[in-house]
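Residue strings, one per chain:
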Amino acid sequence: MDFSYPKEEKLKSKITIGLLFTEGKSVSKYPLRLVYCHEKKETTQQIKMGVSVSKKYFKKAVDRNYFKRVLRETYRLNKHLLIPHLDEPFAFMFFYQTKERLSFDEINTKTIQLFEKFVAQLAQKKAAQAKATDSSSTELS
């Protein structure tokens, strides 16, 4: 199992980030939010991940940087929950959205719950698409 967070996996493209905010869908598990969309351009990486902590909640850059490090670490440790369920490349943006200063363990637990919720939502969407495909192929017969 690969627990790394290589440079190729970091979300840096302004175009993709803009796409996340215009067309992206979201999953939340307080105080975390995951915004995602399909990666449009061809890439070898399964996931592109970015993290964000709002200046609204933490005025000091030191505090924002600390929580961004924690988010990256919880992602790195738990991305194995996502990868087997992705059949095409995804771009993700991971947000910390509260003034509360949660511990690493609390954030890690919420991250696991958030990833499980995302996987469930993805499975539900795939099932709905499969059902729609089956019904349309039945109508054509």
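Right above here is the structure, for reference.
Residues numbered from 1 in each chain as written. Predicted model: local features only at pLDDT ≥ 70, side-chain atom pairs only at ≥ 80, totals over all residues. Heavy atoms only, no water.

**Q** Can you explain the overall build of the protein? Please cite residues and give values.
**A** The helix and strand inventory of the protein stands at three helices and four strands. Reading the secondary structure of the protein in the N-to-C direction produces α-β-β-β-α-β-α. Counting only residues that meet the buried cut, the protein has 36% of its 141 residues in that class. Considering only contacts in the protein between residues 6 or more positions apart, those separated by 24 or more positions represent 79%. Accessible area of the protein: about 8,700 Å², with a carbon and sulfur share of 54%. Of the charged side chains in the protein, 27 are positive and 16 negative; the average position of the first set lies 10 Å away from that of the second. (Helix = DSSP H or I, 4+ residues; strand = E, 2+ residues; numbered from the N terminus. Buried < 20%, exposed > 50% of the residue type's maximum accessible area, 1.4 Å probe, protein only. Contact = heavy atoms within 4.5 Å. Areas by Shrake-Rupley, 256 points an atom, 1.4 Å probe, with all protein chains shown as cover. Lys, Arg positive; Asp, Glu negative; His and termini not counted. Charge placed at Lys NZ, Arg CZ, Asp CG, Glu CD.)

**Q** Talk me through the pairing of strand β4 (residues 90-96); I want residue IDs and the actual numbers.
**A** Among the seven residues that make up β4, seven are buried, leaving the element largely enclosed by the rest of the structure. Burial along β4 is two-sided: the face carrying F90, F92, F94 and Y96 and the face carrying A91, M93 and F95 are both buried. Bridge count for strand β2 (residues 32-38) against β4 is seven bridges, and the pairing is antiparallel. In the sheet register, Y36 faces β4, and the bridge partner there is F92. Alignment of strand β3 (residues 47-53) against β4, held across seven bridges, turns out to be parallel. Its bridge partner being in β4, K48 is matched across the sheet by A91. For the segment spanning β3, helix α2 (residues 61-78) and β4, crossover handedness is left-handed. (Pairing = 2+ DSSP bridges. Right-handed = clockwise from strand over helix to strand, strands pointing away.)

**Q** Lay out a positive patch on the surface with the relevant residues and their values.
**A** On the surface, K55, K56, K59 and K99 cluster together to form a positively charged patch. Inspection of the secondary structure assignment puts K55 in the loop between β3 and α2. (Patch = residues over 30% accessible without salt bridge, like charges linked within 9 Å, V, L, I, M, F, W, Y side chains within 5 Å. Salt bridge = Lys/Arg side-chain N within 4 Å of Asp/Glu carboxyl O.)

**Q** An account of the environment of H85 is needed here, citing residue identities and associated values.
**A** For H85, the position within the fold is in the loop between α2 and β4. Residue H85 is classed as partly exposed on the basis of its relative accessible area of 37%. Considering only alpha carbons, one finds H85 and L20, 65 residues apart in sequence, at a separation of 20 Å. Not counting chain neighbours up to four residues away, the residues in contact with H85 comprise V119, L122 and K126.

In short, the description is geometric, and any link to function would need to be established separately.
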